[in-house]
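# Chains, contacts and geometry: an overview
Okay, here's what each chain looks like letter by letter:
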Amino acid sequence: MAARKGGLGKGLEALFTDNSTGDVNSSAKLRLSQIEPNKSQPRKDFDEEALASLADSIREHGIIQPLLVRPLENGAYQLVAGERRWRAARMAGISEVPVIIKELSDQETMEIGLIENLQREDLNPIEEALGYQTLMETYEFTQDDISKRVGRSRPAVANALRLLHLPEEVMTLVRNKDLSSGHARAILALPDEETMIEIAKKAAKGRVSVRDIERMAQEKKPRKEKPTGRDSFYDEVELALSAELGRKIAIQVKNPDKDRGTITLEFYNKEELADIANRLAGTER
């Protein structure tokens, strides 16, 4: 299934305010028992204290912003946006909630859930990366598609996806906010999984900085003989290509007298490789 091009119309906010189409009902109310959570929702971790605080607010003031739901064939409704409010309403003992009902595809539902959480900064870095991965694997999005749809730069999307190559133990530290994404990206450059886990635990305790990890990674890299008198032109091309493609590029000049060499591009999965090929060929998927 090819990724549908373009953005979400007038944006996420419009989905909550536009009453001009027949498939939207902004004044509807549904019982909580009629609403099913979306198992594909990118956000998995919820702060219980924050939910309790929101539940107190809902008891006193009610739910100000309606939940966005879509109808299902079984007569129930699936939650598209507002799971935090849905959970807090259950905690507060509320039986009915205001909703906007809208016909949405699976792809639109996934996009809206991801965008809502990104705009509100509700996702931890691993949840964000998994959301991007789902768009790539299920809906054949490229990194460029994701960048345009969720309002993130292409390098930011690429960097987020790289976190999924961390050992599970390190990803857990990131998910629990014990380890920053900056530390995690630096850890990816370490030579093996055992070292990554060891350094991640130290970083989580505040014992090593990002700069410390970057220095360790450089020290643990096998030493390579640097060619003498390398033309700075190759360094400039490396930087330009890295910025354009959003990934590390290395140019090796094998025969400086004849300007012959090789270009090495890093990729982390088949989708990234296909995306590189499409960009180099000047085609869109």
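According to the UniProt record, the Sequence similarities (unreviewed entry) comment for the protein chain is "Belongs to the ParB family." The record in UniProt for the protein chain states the following under Subcellular location (unreviewed entry): "Cytoplasm, Nucleoid".

### Let's talk about the overall build of the protein chain
Looking only at helices and strands, the protein chain features 13 helices and seven strands. Looking at the protein chain residue by residue over its 285 residues, the buried ones come to 42%. Look at the contacts in the protein chain between residues 6 or more apart in sequence, and 68% of them connect residues 24 or more apart. With an accessible surface of roughly 16,300 Å², the protein chain has 48% of that area assigned to carbon and sulfur atoms.

### Some remarks on the nonpolar core
Burial of nonpolar side chains together is a common tendency in soluble globular proteins. Among the nonpolar cores identified, the biggest contains 39 residues, and Tyr132, Ile146, Leu166, Leu179, Ile187, Leu190 and Ile213 are the most heavily contacted of them. Mapped by element, the contributors of at least two residues to this core are helix 4 (106–119), helix 5 (125–139), helix 6 (143–150), helix 7 (154–162), helix 8 (168–175), helix 9 (181–187), helix 10 (193–204) and helix 11 (210–220). If you tally residues by element for this core, the top one is helix 5, at six residues. Counting 21 residues, the second-largest nonpolar core is a separate cluster that includes Ala28, Phe46, Ile63 and Ile101.

### Regarding helix 5
The α-helix winds at 3.6 residues per turn, so residues separated by three or four positions along the chain end up facing the same way. With 15 residues, helix 5 ought to run about 21 Å at 1.5 Å a step, and its terminal C-alpha atoms sit 21 Å apart, in line with that. When helix 5 is considered as a whole, its buried residues turn out to be Ile126, Glu127, Glu128, Ala129, Gly131, Tyr132, Leu135, Met136 and Tyr139. Two to three positions downstream of the cap, the backbone nitrogen of Ile126 sits 3.0 Å from a side-chain oxygen, assigning the N-cap of helix 5 to Asn124. With its phi angle positive at about 60°, Glu140 sits one or two positions after the end of helix 5.

### Brief notes about the confidence of the model for the protein chain
Per-residue confidence for the protein chain averages 80 on the pLDDT scale, and 81% of its residues sit at or above 70. Contacts from residues 1–12, a stretch scored under 50 in pLDDT, to residues over four places away or in other chains number 27 contacts. Segment residues 14–25: pLDDT under 50, and 23 contacts once partners within four positions in sequence are set aside and those in other chains are kept.

### Concerning the pattern of salt bridges
The tally for this structure, following the rule as stated, stands at 11 salt bridges. Among the salt bridges present, the one from Glu83 reaches Arg87, with a minimum N-O distance of 3.0 Å. In this pair, Glu83 and Arg87 are both assigned in helix 3 (residues 83–92), four residues apart and thus about one turn of the helix distant. Given the relative accessible area of 29%, Arg87 is considered partly exposed. Linked by salt bridges that have partners in common, Asp144, Lys148 and Arg154 make up one network.

### Some words on the environment of Asn38
Mapping Asn38 onto the fold places it in the loop between strand 2 (35–36) and helix 2 (48–61). In the structure, Asn38 is positioned 43 residues away from Ala81 in sequence and 9.2 Å away in space, judged by C-alpha atoms.

### Some words on the packing of aromatic side chains
Going through the model one piece at a time under the given rule, you end up with one aromatic pair. Considering the side-chain rings of Phe233 and Tyr234, the 5.7 Å spacing of their centres and the 70° angle between planes classify their relative orientation as edge-to-face. Residue classification places Phe233 among the partly exposed positions, given a relative accessible area of 49%. We classify Tyr234 as buried; its relative accessible area is 15%.

### A closer look at the packing of helix 6 against helix 7
The interhelical angle for the contact between helix 6 and helix 7, taken along N-to-C directions, is 115°, at an axis separation of 8 Å. By the angle between their directions, the pair helix 6 and helix 7 is classed as roughly perpendicular. Between helix 6 and helix 7 lies a crossing of right-handed hand. Touching Gln143, Asp144, Ile146 and Ser147 of helix 6 are Arg154, Val157, Ala158 and Leu161, all from helix 7. Of the residues assigned to the contact of helix 6 with helix 7, the class counts are four nonpolar, two polar and two charged.

### Side note on the side chain of Gln78
With respect to the helices and strands, the residue Gln78 is situated in strand 4 (residues 77–81). Separated by 2.8 Å, the side chains of Gln78 and Arg70 make a polar contact. The contact partners of Gln78, leaving out residues within four places of it in the chain, are Glu36, Pro37, Asn38, Leu68, Val69, Arg70, Leu72 and Thr109.

### Observations concerning the side chain of Glu83
Relative accessible area serves as the criterion here: at 8%, Glu83 is assigned to the buried category. Setting aside chain neighbours within four positions, we find Glu83 in contact with Pro37, Gln41 and Phe46.

### Topic: the packing of helix 8 against helix 10
Viewed as axis vectors pointing N to C, helix 8 and helix 10 meet at an angle of 20°, and their least axial separation amounts to 9 Å. By the angle between their directions, the pair helix 8 and helix 10 is classed as roughly parallel. Like other packed secondary-structure pairs, helix 8 and helix 10 cross with a definite hand, here left-handed. Contacts from Glu169, Val170 and Leu173 in helix 8 reach Met196, Ile197, Ala200, Lys201 and Ala204 in helix 10. Across the contact of helix 8 with helix 10, the residue classes tally to six nonpolar, no polar and two charged.

Thresholds, definitions, all that
Residues numbered from 1 in each chain as written. Predicted model: local features only at pLDDT ≥ 70, side-chain atom pairs only at ≥ 80, totals over all residues. Heavy atoms only, no water. UniProt positions renumbered as here; feature names shortened; annotations may be inferred. Helix = DSSP H or I, 4+ residues; strand = E, 2+ residues; numbered from the N terminus. Buried < 20%, exposed > 50% of the residue type's maximum accessible area, 1.4 Å probe, protein only. Contact = heavy atoms within 4.5 Å. Areas by Shrake-Rupley, 256 points an atom, 1.4 Å probe, with all protein chains shown as cover. Core = buried A, V, L, I, M, F, W, Y, C linked by side-chain atoms within 4.5 Å. Expected span 1.5 Å × (residues − 1). Polar contact = N/O pair within 3.5 Å; in protein donor to acceptor, adjacent residues only side chain to side chain. pLDDT = per-residue confidence, 0-100. Salt bridge = Lys/Arg side-chain N within 4 Å of Asp/Glu carboxyl O. Phe/Tyr/Trp six-rings, centres within 6.5 Å; stacked < 30°, edge-to-face > 60°. Axes fitted to C-alpha atoms, helices over the stretch in contact; angles between N-to-C directions. Parallel < 35°, antiparallel > 145°, perpendicular 65-115°, else oblique. Left-handed = near helix turned anticlockwise from the far one by under 90°. Nonpolar A, V, L, I, M, F, W, Y, C, P; charged D, E, K, R; others polar.

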